[in-house]
Amino acid sequence: MLVIVVENVPARLRGRLAVWLLEIRAGVYVGKYGRRVRELIWHQIREDLGEGNAVMAWSTNNENGFDFETLGQNRRLPVDHDGLRLVSFLPMSSQEPLAPLQPAAPVDGGDGN
Amino acid sequence: MLPPLKPIPIKDRVSVVFVEKGQLDVLDSAFVVVDKTGVRTHIPVGGVACLMLEPGTRISHAAVVLASRVGCLLVWIGDGGVRLYASGQPGGARADRLLWQASLALDDEARLKVVRKMYSMRFQEEAPARRSVQQLRGIEGARVRKMYELLARQYRVDWKWREYDHTQWGSGDIPNRCLSAATACLYGVTEAAILAAGYAPAVGFIHTGKPQSFVYDIADLFKFDTVVPTAFRIAARTPDDPERAVRLACRDAFRQTRLLHRIIPAIEEVLAAGGLPVPTPTAEHVEPAIPNKEALGDAGHRG
């Protein structure tokens, strides 16, 4: 299984992705390809990303059962956690960090991106 | 409305996640680690067997509640794995399993059968006949020392003996430190499995007198095909940060040996060798007024 999500990329790249993958929602592409085809598709995204960003996830034989790769700027950053890949979510502006957590702050101020 | 959270089987989970620093909390119903710059990292606790909290972490009440709802064992550990405290699924939620385990441990004949089964599972051969638990432990100790030597030679590690000061993490040579880090990972996962299956970590058959006696018994079954080779392989490379390198490698070893798939069946197999039936409730017992719901999790999970 292969899933690609693109944001803010040129329309021609979105059309190109639709050549191989099914666009099930705006910017969300799914398909089932092996490593060679996956790398070919990723190469195309890398060439024509513009100002946008992209993420690609695919199933593989590791502990998670999947792996993923990113391109471009996004508030979600992949982090390596002792071999387990997680995602860190940056606050809106790095100059203005989120207020340190108040005990029992029930509502979160993030926009969920 | 979302349906209530339920634990999923331990075999479908990722083995262990270490958290070094940050505030663990629940934001938008998800388990997050927030660092002091406000960066938050989600941890999919429902898909993790055991979460290791190192010094430098703080955890909120809401986060502990969420971890326990989804059956993730929280283990508070000291620097690099010296165990301090644990929670998440305390006690085990199945009295029938606890009583069965206790009855096996209290019956000398059954206990010997369980110990013999553990021996045969570890060394892939029958335990010598007519030996007491005490004698089997002696034979086992000698074999274990030999296995350490053999594996050390195989991985070209300079090995003297298993020696460390359990109060001092930095003590001991590199191979010993690697081994301690690796066994700490294995103990966490094993304790999570024992609790998930509904047994008591303190009721041991070979080991006794510790909150984790049964954990040591079960972990010993898997030690030499998972963490010991891994620890020696890492020790041979003498990395800068041996503990971290070992943890990374343990994750792979647990996956390759399908540890989380095998561990609960192994516990049942070992105890079944005792030959005692699982106790049934007596006529005087009161059945639950509200029947238990069908759940996806393992027998010891509170659904």
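Procedures and definitions
- Residues numbered from 1 in each chain as written.
- Chains lettered and ligands numbered in written order.
- Predicted model: local features only at pLDDT ≥ 70, side-chain atom pairs only at ≥ 80, totals over all residues.
- Heavy atoms only, no water.
- Helix = DSSP H or I, 4+ residues; strand = E, 2+ residues; numbered from the N terminus.
- Rg over C-alpha atoms; globule rule 2.2 N^0.38 Å.
- Buried < 20%, exposed > 50% of the residue type's maximum accessible area, 1.4 Å probe, protein only.
- Contact = heavy atoms within 4.5 Å.
- Areas by Shrake-Rupley, 256 points an atom, 1.4 Å probe, with all protein chains shown as cover.
- Lys, Arg positive; Asp, Glu negative; His and termini not counted.
- Charge placed at Lys NZ, Arg CZ, Asp CG, Glu CD.
- pLDDT = per-residue confidence, 0-100.
- Phe/Tyr/Trp six-rings, centres within 6.5 Å; stacked < 30°, edge-to-face > 60°.
- Lys NZ or Arg CZ within 6 Å of the ring centre and 35° of its normal.
- Expected span 1.5 Å × (residues − 1).
- Salt bridge = Lys/Arg side-chain N within 4 Å of Asp/Glu carboxyl O.
- Arc of directions from axis to C-beta.
- Pairing = 2+ DSSP bridges.
- Axes fitted to C-alpha atoms, helices over the stretch in contact; angles between N-to-C directions.
- Buried area = accessible area lost by both parts, 1.4 Å probe.
- Polar contact = N/O pair within 3.5 Å; in protein donor to acceptor, adjacent residues only side chain to side chain.
- Nonpolar A, V, L, I, M, F, W, Y, C, P; charged D, E, K, R; others polar.

## Looking at the overall build of chain B
Phase 1: Scanning chain B from N- to C-terminus turns up nine helices and eight strands.
Phase 2: In terms of overall size, chain B behaves like a compact globule, its C-alpha atoms giving a radius of gyration of 20 Å where 303 residues would be expected to give roughly 19 Å.
Phase 3: Expressed along its principal axes, the backbone C-alpha trace of chain B runs to roughly 60 × 60 × 30 Å.
Phase 4: Taken over 303 residues, chain B has a buried fraction of 50%.
Phase 5: Once local pairs closer than 6 in sequence are excluded, the contacts in chain B between residues at least 24 apart make up 65%.
Phase 6: Taken as a whole, chain B presents about 15,200 Å² of accessible surface, with 54% of it coming from carbon and sulfur.
Phase 7: Taken as two groups, the 39 positive and 33 negative side-chain charges of chain B have centres that lie 3 Å from each other.

## Points about the overall build of chain A
Phase 1: The secondary structure content of chain A amounts to two helices and seven strands.
Phase 2: Each helix and strand of chain A, ordered N terminal to C terminal, gives the series β-α-β-β-α-β-β-β-β.
Phase 3: Within the span of chain A, comprising 113 residues, buried residues form 32% of the whole.
Phase 4: Partitioning the intrachain contacts of chain A with sequence separation of at least 6 by distance along the chain shows that 40% fall at a separation of at least 24.
Phase 5: Within the structure as shown, chain A displays about 7,100 Å² of accessible surface, and the carbon and sulfur contribution to it stands at 54%.

## A few points about the confidence of the model for chain B
Phase 1: Model confidence for chain B is summarised by a mean pLDDT of 87, while 93% of its residues fall at 70 or above.
Phase 2: Scoring the predicted complex yields pTM 0.82 and, for the interface, ipTM 0.71.

## Topic: the packing of aromatic side chains
We describe a pair of aromatic rings using the distance from one ring centre to the other and the angle between the two ring planes.
Phase 1: Going through the model one piece at a time under the given rule, you end up with eight aromatic pairs over all chains.
Phase 2: Plain terms: the ring middles of Y148 of chain B and W159 of chain B are 5.3 Å apart, the flat faces sit at 35° to each other, and that makes the pair tilted. Here Y148 of chain B, found in helix α4 (residues 133-154), pairs with W159 of chain B, found in the loop between α4 and α5 (174-197); they are eleven residues apart in sequence, far enough to count as distant. Residue Y148 of chain B shares its accessibility class with W159 of chain B, and that shared class is buried.
Phase 3: Members of the aromatic cluster, joined through ring pairs, are Y148, W159, F224 and F232 of chain B.
Phase 4: Over the aromatic face of F68 of chain A sits the side chain of R85 of chain A, whose NZ or CZ is 4.4 Å from the ring centroid.
Phase 5: Over the ring of F123 of chain B we find R143 of chain B, and its NZ or CZ is 4.3 Å from the ring centre.

## Observations regarding helix α8 (residues 242-256) of chain B
Residue and element names in this part refer to chain B.
Phase 1: Counted at 1.5 Å a residue, the expected span for α8 with its 15 residues is 21 Å, and the 21 Å between its end C-alpha atoms agrees.
Phase 2: Buried within α8 are the following residues: P242, E243, A245, V246, R247, A249, C250, R251, A253 and F254.
Phase 3: Trailing α8 by a residue or two, R258 shows a phi angle of about 50°, which is positive.

## Here's the deal with the pattern of salt bridges
Residue and element names in this part refer to chain B.
Phase 1: One pass over the full model with this rule turns up 23 salt bridges over all chains.
Phase 2: Ionic pairing is found between E243 and R177, a salt bridge with its closest N-O pair at 3.1 Å. Taken together, the residues E243 in helix α8 and R177 in helix α5 connect sequence positions 66 residues apart.
Phase 3: Between R262 and D225 there is a salt bridge, and its shortest N-O distance comes to 3.7 Å. Here R262 is found in helix α9 (residues 259-272), whereas its partner D225 is found in the loop between α6 (213-223) and α7 (227-237), with 37 residues between them in sequence.
Phase 4: On the basis of relative accessibility, which here comes to 39%, the residue D225 falls in the partly exposed class.

## Quick word on helix α2 (residues 95-106) of chain B
Residues and elements named next belong to chain B.
Phase 1: Under the 1.5 Å per step criterion, the end-to-end length of α2 is 16 Å for twelve residues, consistent within 8% with the ideal 16 Å.
Phase 2: Those residues of α2 lying buried are R97, W100, Q101, L104 and A105. Seen from one end, α2 has its buried residues packed into an arc of 130°, which puts them on one side. The outward face of α2, more than 90 degrees from its buried face, is lined by the exposed residues L99 and L106.
Phase 3: Buried residues belonging to α2 abut α3 (108-123), α5, α6 and α9.

## Thoughts on the sheet that holds strand β4 (residues 53-59) of chain A
To summarise the sheet geometry, strands pair through backbone hydrogen bonds and adopt either a parallel or an antiparallel arrangement.
Residue and element names in this part refer to chain A.
Phase 1: Pairing is antiparallel across the open sheet formed by five strands, whose spatial order is β2-β3-β1-β4-β5. The open sheet terminates on both sides in strands that have one partner only, identified here as β2 (22-25) and β5 (66-71). With strand direction ignored, the average angle separating the axes of adjacent strands in the sheet is 20°.
Phase 2: Of the pairings in the sheet, the one linking strand β1 (residues 2-7) to β4 comprises six bridges and is antiparallel in character. The residue bridging L2 from the neighbouring strand is W58, located in β4.

## Observations regarding the interface of chain B and chain A
Phase 1: Contacts between the two partners involve 23 residues from chain B, matched on the other side by 21 residues from chain A.
Phase 2: For the pair chain B and chain A, the summed buried area comes to about 2,100 Å², and 53% of that belongs to carbon and sulfur atoms.
Phase 3: Looking only at chain B, the three residues that lose the most surface to chain A are R40, R251 and R255 of chain B, adding up to 29% of its buried area.
Phase 4: The tally of links from chain B across to chain A stands at nine residue pairs in polar contact (both at pLDDT 80 or more).
Phase 5: Those elements that place two or more of their residues in the side of chain B that touches chain A are β1 (14-19), β2 (22-27), β4 (40-42) and α8 of chain B.
Phase 6: Of the residues that constitute the side of chain B that touches chain A, the class distribution is ten nonpolar, six polar and seven charged.
Phase 7: Here strand β7 (residues 84-89) of chain A runs beside β4 of chain B; their pairing, made up of two bridges, is antiparallel. Within β4 of chain B, the position partnered with F89 of chain A by the bridge is R40 of chain B.

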